[in-house]
Amino acid sequence: MVFGKLAEDPSVLLRVKQARAVVTNAGDHGNATCALIVRECGFTGPLYALADDPLYRPPMLQIGATEVFTPAHVLGAALASRASRRISPPAEGMHLLGTRVGMAEFRVRAGSPLAGKKLGDLHLREQHGVSVIGQWVGGAFTTTKGPDTRVEPGAILVIVGAHVNLEKVERMAVPIDRTGPIVLAGFGAVGRKVIEMLHDARETCIVIDRLSGAGIDVVGNVLEQATLNQARVREASAVILALSDDSESVFATAVVRDYAPEVPLIVRVNRAPNTERLYRSGADFAISVGQVAGQILGYHLLDEQVIPVENRIKFSRLRAGTLAGVHPWRSEALDQTGAKIVAVERGQDVFVEFAEDFLLRPDDALFVCGSISSLGRYQREFQASTAPAPGV
């Protein structure tokens with residue numbers, strides 16, 4: 001770590017030739033000075049610059065930066081992808097089952113009969129014919145692994161099943177409607193990037209800001225109910241708070257959550273230590289500039305995929321493998337992988353519910369749903385053919 005006025009005392013960088021890589025993360029002018037001095041000292045390795053303004057990217061590359069990243073714009077993209085199913089679809093490969101099976105999200109209120117209960121005590125598969133793939137809690141998605149998995153109050157459950165069976169769950173949890181507009185509060189650099197991406201995805205957006213101007217739909221304070229009414233927040237498929245002050249974001253999160261308890265709430269964080277405060281205030285997802293910058297640099301510096309993939313849900317059509325002779329919904333080993341069998345193709349028939357005596361056959365094609373990680377565990381555990389079942 002180097003801290004100082006490099007233009008006045010460049011000697012602090014004399015040992016830079018021994019470095020494996022250099023990251024410059026000051027203001028844009030300071031980054032330019034740092035890049036020049038680093039190259040003057042003879043460093044020839046990778047030099048990564050984090051820029052506030054994307055307009056400075058070409059000159060920074062010209063004076064020696066290997067790559068120039070704008071975390072604020074990447075943050076805007078991350079916020080947009082959390083809000084839009086057109087940008088980030090809920091599941092890959094769902095088309096394999098056509099209209100036989102659907103996927104839905106349900107908010108578990110504190111007073112719900114699901115809240116705090118173990119899946120084994122709820123018998124959702126046996127009584128309602130649905131499978132709980134996982135739950136979002138505090139911005140993290142975890143797959144359910146067996147009957148001891150606890151349904152957390154306030155969680156967003158991801159559930160798969162026949163459409164008529166999904167409707168039965170509505171008696172116990174509140175379905176999240178993803179058909180309304182996406183509401184954005186805060187139209188600074190991050191907010192503009194969010195809207196740019198959402199418009200590119202042909203999403204309907206409503207923008208709130210204190211000051212009128214091009215692109216602003218509702219002029220007002222997001223802390224005031226009149227503003228929330230005008231912006232149709234209760235009808236929104238998601239709300240994004242892209243405010244520039246974390247204290248205001250914490251209060252706005254609490255206000256919006258109280259006003260619209262079921263709407264997915266995605267919040268920009270400026271300082272990572274405030275992330276937990278935002279979750280306690282009611283945010284579903286809180287994403288910081290530091291988190292985004294860390295993921296970018298971790299990927300380039302460590303040559304590792306550090307951006308989590310656990311939350312990507314996928315449907316795969318696989319062979320039964322060593323699960324032949326097992327009931328699709330009664331395998332402890334299968335439950336522990338986090339993957340779920342949601343349908344079985346047998347000859348010309350496709351089953352989405354299974355009688356007590358239903359056992360898998362070696363020639364069955366299984367439709368398995370889970371995160372990327374859980375599907376990998378499924379294949380390793382049951383030695384399912386690395387090639388998909390015929391017909392894919």
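Right above here is the structure, for reference.
Residues numbered from 1 in each chain as written. Predicted model: local features only at pLDDT ≥ 70, side-chain atom pairs only at ≥ 80, totals over all residues. Heavy atoms only, no water.

Colleague: Looking at this model, I keep getting lost on the environment of proline 113. Mind explaining?
Modeller: Of note, proline 113 is situated in the loop between β4 (102-107) and α4 (119-122). Between the C-alpha atom of proline 113 and that of leucine 302, which follows or precedes it by 189 residues, the distance is 45 Å. Beyond its immediate chain neighbours, meaning those up to four positions away, proline 113 contacts Leu122 and Met172. (Helix = DSSP H or I, 4+ residues; strand = E, 2+ residues; numbered from the N terminus. Contact = heavy atoms within 4.5 Å.)

Colleague: Explanation requested: the packing of helix α3 (residues 71-83) against helix α11 (residues 289-302) in the structure shown.
Modeller: Angle between the axes and distance between the axes: these two values describe a pair of packed helices. Contact geometry for α3 and α11: axes closest at 9 Å, N-to-C directions at 105°. Classified by the angle between their axes, α3 and α11 sit roughly perpendicular to one another. For the pair formed by α3 and α11, the contact residues are Pro71, Val74 and Leu75 on the first element and Val289, Val292, Ala293 and Ile296 on the second. Classifying every residue of the contact of α3 with α11 by side-chain character gives seven nonpolar, no polar and no charged. (Axes fitted to C-alpha atoms, helices over the stretch in contact; angles between N-to-C directions. Parallel < 35°, antiparallel > 145°, perpendicular 65-115°, else oblique. Nonpolar A, V, L, I, M, F, W, Y, C, P; charged D, E, K, R; others polar.)

Colleague: Explain the sheet that holds strand β6 (residues 140-143) here, please?
Modeller: Strands belonging to one sheet form pairs held by backbone hydrogen bonds; the direction of such a pair is parallel or antiparallel. The strand order across the open sheet formed by five strands is β6-β5-β7-β4-β8, and the pairing between neighbours is antiparallel. Edge positions in the sheet fall to β6 and β8 (174-175), since each of these pairs with one other strand and no more. Relative to β6, strand β5 (residues 130-137) is paired through four bridges, and the arrangement is antiparallel. If you follow tryptophan 136 over to β6, its bridge partner there is phenylalanine 141. (Pairing = 2+ DSSP bridges.)

Colleague: Explain helix α7 (residues 189-200) here, please?
Modeller: Residue pairs three or four apart in sequence face the same way in an α-helix, which turns once every 3.6 residues. Taking 1.5 Å of rise per residue, the 12 residues of α7 would be expected to cover 16 Å, and the 17 Å separating its terminal C-alpha atoms lies within 8% of that figure. Listed as buried for α7 are Val190, Gly191, Lys193, Val194, Ile195 and Leu198. If you follow the buried residues of α7, they end up packed against α3, β9 (182-185), β10 (205-209), β12 (238-241) and β13 (265-269). Downstream of α7 by one or two residues, arginine 202 has phi in the positive range, about 65°. (Expected span 1.5 Å × (residues − 1). Buried < 20%, exposed > 50% of the residue type's maximum accessible area, 1.4 Å probe, protein only.)

Colleague: Even after reading the chapter, I still don't get the layout of surface pockets, so can you show me in this structure?
Modeller: Sizing a probe to match a water molecule and rolling it over the atoms shows the empty space that remains. Counted as a void, the second largest pocket has a volume near 720 Å³. Lining of the second largest pocket is provided by 22 residues; of these, Met1, Val2, Val23, Thr24 and Cys34 occupy positions nearest its centre. For the lining of the second largest pocket, the secondary structure elements donating two or more residues are β1 (22-24) and α1 (28-40). Grouping the constituent residues of the lining of the second largest pocket by class yields 14 nonpolar, seven polar and one charged. (1 Å grid on protein atoms, 1.4 Å probe; cavity = no way out; pocket = protein on both sides within 12 Å on 5 of 7 lines; lining within 4 Å. Points joined across faces, edges and corners; volume = space filled by probe spheres on them.)

Colleague: Any chance you could explain the pairing of strand β15 (residues 313-319) here in plain terms?
Modeller: For a regular strand, the rule is simple: side chains alternate between the two faces of the sheet. Buried residues dominate β15, accounting for five of its seven residues. Where β15 lies against strand β18 (residues 365-371), seven bridges are found, and the strand directions are antiparallel. The residue of β18 that forms the bridge with phenylalanine 315 is cysteine 369.

Geometric descriptors of this kind do not, in isolation, establish any biological role.
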